[in-house]
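# Per-entry structural report
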There are 2 protein chains.
Amino acid sequence: MPKTDIARRVYNHTWKLDPIVRSLLDTDFYKLLMLQMIWQLYPDVDATFSLINRTKTVRLADEIDEQELRDQLDHARGLRFTKKEMIWLAGNSFYGRTQIFSPEFLAWLARFRLPEYELSRRDGQFELTFRGRWAETTMWEIPALAIINELRSRAAMKGLGPFTLDVLYARAKAKMWSKVEQLREHPNLRISDFGTRRRHSFLWQRWCVEALKEGIGSSFTGSSNVLLAMDNDLEAVGTNAHELPMVAAALTRNDRELAAAPYKVLQDWNQLYGGNLLIVLPDAFGTAAFLRDAPDWVADWTGFRPDSAPPIEGGEKIIAWWKKMGRDPREKLLIFSDGLDVDTIIRTYCHFEGRVRMSFGWGTNLTNDFAGCAPTEINGLNPISIVCKVSEANGRPAVKLSDNPRKATGDPAEVERYLKFFGSEDFVEQSVRV
Amino acid sequence: MPKTDIARRVYNHTWKLDPIVRSLLDTDFYKLLMLQMIWQLYPDVDATFSLINRTKTVRLADEIDEQELRDQLDHARGLRFTKKEMIWLAGNSFYGRTQIFSPEFLAWLARFRLPEYELSRRDGQFELTFRGRWAETTMWEIPALAIINELRSRAAMKGLGPFTLDVLYARAKAKMWSKVEQLREHPNLRISDFGTRRRHSFLWQRWCVEALKEGIGSSFTGSSNVLLAMDNDLEAVGTNAHELPMVAAALTRNDRELAAAPYKVLQDWNQLYGGNLLIVLPDAFGTAAFLRDAPDWVADWTGFRPDSAPPIEGGEKIIAWWKKMGRDPREKLLIFSDGLDVDTIIRTYCHFEGRVRMSFGWGTNLTNDFAGCAPTEINGLNPISIVCKVSEANGRPAVKLSDNPRKATGDPAEVERYLKFFGSEDFVEQSVRV
């Protein structure tokens with residue numbers, strides 16, 4: 001009986017690379033929901049997505065081999081949705097709804113592939129850009145980030161022996177499980193995995209998701225990662241992202257249209273999805289401005305996802321607004337998802353308990369927390385603040401302000417224009433770690 | 001390419017059990033050194049070994065299935081030294097000496113098998129006894145203890161799912177590695193593995209030994225486990241144990257012979273081995289009595305292994321004695337091996353640094369420390385104080401006093417007689433955890 005499976009070993013050697021993204025479902029669920037909307041309402045719009053590394057001290061192009069990056073991106077471009085995946089998307093229910101994806105959309109999706117990319121280097125950073133139809137470029141966001149982040153982890157661990165790696169992962173598991181135990185003390189807490197984009201690696205995200213499933217049971221409400229949701233029979237979670245109001249705003253031709261844009265995309269969304277999917281992401285151009293100008297019907301939506309304000313402060317403002325609009329916050333939902341870890345999750349949960357429904361989208365600190373796990377500090381294992389944002393729509397600059405000036409993206413002159421237009425009321429500058 | 005290796009899976013199912021002891025080398029090295037001496041000097045002496053569980057609160061016969069225990073003991077009885085093992089014993093050097101085992105002894109050893117056992121149950125405990133020639137029964141001590149301890153671990157983990165087990169071992173690895181990191185801060189510390197008998201399991205001991213080899217490098221001076229020493233090209237360490245003076249004392253016919261017995265075995269040992277193997281185990285009948293009556297040549301031996309006194313107190317007394325005998329302690333060696341963990345090791349090391357050479361034999365707290373690692377406290381994972389001691393020699397009761405009355409073994413009346421004879425000077429009662 002061989003200790004080494006010769007066939008498997010030879011087979012492994014025939015791979016030209018160890019792929020990071022092995023399925024087009026290895027993305028965030030909101031991408032698919034938005035994709036259907038883009039495909040239906042904006043089929044001819046072009047949108048450019050660009051990689052932005054906000055952690056300037058980390059010189060990505062020095063840490064990651066360019067050819068390895070190209071190989072991984074090329075591999076992702078070779079992927080198609082498989083038959084089993086298409087059947088699952090068509091047959092599964094999402095947020096309690098069956099057939100959320102139309103047969104026409106699925107027929108188009110079956111032929112989908114990721115479009116081309118442009119890659120160059122400048123000042124130790126990669127310039128990675130995706131140009132083309134919005135309905136194609138949008139799908140690069142998550143795989144591009146996952147590839148960059150996992151290549152960086154791999155580079156950081158290149159010198160480690162098998163034993164040191166064993167201890168590294170043992171410690172990471174022990175650390176993760178101690179978080180599970182803290183969460184267990186609050187059985188009514190609701191948490192989901194939002195950690196795909198900045199994960200340490202795919203296999204580690206899978207471990208973390210399985211740990212949460214076994215560890216906190218029904219408190220674990222799902223994963224934003226569609227592949228992991230399918231494989232583990234979990235709910236796929238997530239609704240929409242900043243790119244919708246950003247592109248909608250970029251496409252406007254005058255101030256009146258710009259003011260209406262954030263609400264127009266919500267109306268479109270409502271028409272398409274409705275129900276539990278009515279989650280407002282209010283901070284694209286500042287939450288205060290959004291609430292100030294919001295029509296009454298926005299208060300009828302299920303909930304808000306404050307994504308850049310400090311969670312307690314941001315939550316309080318939305319609750320106050322609901323009250324002002326005559327709605328009962330206890331029937332509303334707040335989804336927190338910005339830079340959370342166990343301590344902020346529990347503190348926020350205890351603060352709002354009984355006053356509003358809550359859900360927590362736990363991201364980078366779930367799937368990429370290796371601090372203190374390596375035998376000696378390895379800087380390459382610390383997560384960085386990296387995003388892949390829409391930068392242009394039909395040739396016009398796209399901008400995000402958010403409630404935290406450090407999270408603003410876009411052409412500086414255009415950011416200035418948006419700031420003047422929407423105001424910067426209630427902006428809170430906070431350091432951005434991940 | 002199959003994910004499951006069907007052949008291996010079927011093969012695994014053909015095992016009637018998962019053997020705990022798979023080699024006769026899976027024992028402590030001192031057993032082989034003592035065995036050669038017993039085979040040469042005491043070939044006709046009978047010695048009975050008995051299992052003693054000092055942790056009475058743990059009802060072993062309730063935790064461990066009797067049939068499983070019999071199956072494991074029977075499996076161990078089926079083992080022989082393999083050809084490769086015999087070649088290694090003959091060709092390897094131990095403590096700098098080649099051919100430490102005579103060809104005649106090795107020829108006898110090649111046919112060796114473990115003798116019969118007697119097993120019954122009383123009051124929730126196993127009565128496990130090995131009767132016969134000393135040169136056969138002595139070899140049961142380590143495998144019997146390893147089997148009992150690993151069966152107990154297995155029983156304790158029976159209800160755990162694969163995920164919980166993953167976290168359990170991840171935590172144990174993280175815990176073990178934090179000990180490695182503490183030890184690393186003292187590069188001149190010398191440590192060896194003495195953890196075979198009360199290990200959590202064979203595979204876990206192997207992991208710990210490999211961790212020490214990678215983690216503290218040359219500070220790791222070897223393993224008492226002969227199989228692990230061979231497999232990992234480490235020094236096999238250990239010299240002699242209490243059974244030598246215990247049997248020698250039991251065989252004496254009068255007080256003059258009894259008083260001389262502890263020194264007589266040392267002379268025999270010196271004749272057979274000499275050099276680096278001249279380590280005195282002084283506490284069989286109390287260290288104070290041993291030192292009081294010791295002939296001058298005992299002070300010429302390389303070192304002492306105080307095995308039941310508190311390490312700092314016990315070490316100071318031996319150093320004082322060396323000085324009194326006109327020897328320089330800085331040329332002498334103290335081997336500590338009783339209930340050590342990282343904190344006691346470092347404290348003792350710092351206390352004696354520069355005044356005496358030291359070595360630490362790290363046992364149960366190295367290979368069986370799972371405290372705080374299980375998702376909920378599992379009592380069956382806490383190590384117990386269990387020994388397998390010689391209880392009779394040629395039908396006469398064998399006794400051990402040690403420096404800690406709680407570690408005394410033997411017929412109570414006989415213990416009383418020995419106490420009167422040797423005195424109980426400097427005895428310190430300490431709780432015995434492992």
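This text follows the structure it describes.
First, a word on what this report is: a plain description of the structure on this page. Computed from a predicted structure; not experimentally measured.

For the rest of this paragraph, the subject is the interface of chain A and chain B. Interface size, as often reported, equals the accessible area lost upon joining of the parts. Counting from both sides, the interface comprises 23 residues of chain A and, opposite them, 23 residues of chain B. Roughly 2100 Å² of surface becomes buried between chain A and chain B when both sides are summed, with 60% attributable to carbon and sulfur atoms. Applying the counting criterion to the chain A and chain B interface returns 4 salt bridges. Applying the counting rule to chain A against chain B returns 8 residue pairs in polar contact (both at pLDDT 80 or more). Among the secondary structure elements, those contributing two or more residues to the side of chain A that touches chain B are α1 (6-14), α9 (162-184) and α10 (202-216) of chain A. If one sorts the elements of the side of chain A that touches chain B by residue count, α9(A) sits on top with 11 residues. Tallied by class, residues from the side of chain A that touches chain B come to 12 nonpolar, 2 polar and 9 charged.

On to helix α16 (residues 342-352) of chain B, then. All names here are of chain B. Of the residues making up α16, those classed as buried are Val342, Thr344, Ile345, Ile346, Thr348, Tyr349 and Phe352. Of the surrounding elements, those touching the buried residues of α16 are α9 (162-184), β6 (191-193), α15 (311-324), β10 (333-336) and β11 (357-362). Once α16 ends, the next one or two residues include glycine 354, with phi positive near 90°.

Turning our attention to the packing of α15(B) against α16(B). All names here are of chain B. One way to put it is that α15 packs onto α16 with a least axis distance of 10 Å and a crossing angle of 30°. Comparing their axes, α16 and α15 come out roughly parallel. Crossing geometry of α15 relative to α16 is assigned as right-handed. Note on element contacts: α16 touches α15 through Arg347, Thr348, His351 and Phe352, opposite Pro311, Ile312, Gly315, Glu316 and Ile319. Across the contact of α15 with α16, the residue classes break down as 4 nonpolar, 3 polar and 2 charged.

Residue and element names in this part refer to chain A. Burial analysis of strand β5 (residues 125-130) places 5 of its 6 residues in the buried class, the great majority of the element. Two elements, strand β1 (residues 47-53) and β5, share 2 bridges in a ladder whose sense is antiparallel. Its bridge partner lying in β5, serine 50 is registered against threonine 129. Bridge count between strand β4 (residues 118-122) and β5: 5 bridges; the pairing is antiparallel. Counterpart to serine 120 in the pairing with β5 is glutamate 127. Connecting the antiparallel pair β4 and β5 is a turn made up of 2 residues, with aspartate 123 showing a positive phi of about 50°.

Rules behind the numbers
Residues numbered from 1 in each chain as written. Chains lettered and ligands numbered in written order. Predicted model: local features only at pLDDT ≥ 70, side-chain atom pairs only at ≥ 80, totals over all residues. Heavy atoms only, no water. Contact = heavy atoms within 4.5 Å. Buried area = accessible area lost by both parts, 1.4 Å probe. Salt bridge = Lys/Arg side-chain N within 4 Å of Asp/Glu carboxyl O. Polar contact = N/O pair within 3.5 Å; in protein donor to acceptor, adjacent residues only side chain to side chain. Helix = DSSP H or I, 4+ residues; strand = E, 2+ residues; numbered from the N terminus. Nonpolar A, V, L, I, M, F, W, Y, C, P; charged D, E, K, R; others polar. Buried < 20%, exposed > 50% of the residue type's maximum accessible area, 1.4 Å probe, protein only. Axes fitted to C-alpha atoms, helices over the stretch in contact; angles between N-to-C directions. Parallel < 35°, antiparallel > 145°, perpendicular 65-115°, else oblique. Left-handed = near helix turned anticlockwise from the far one by under 90°. Pairing = 2+ DSSP bridges.

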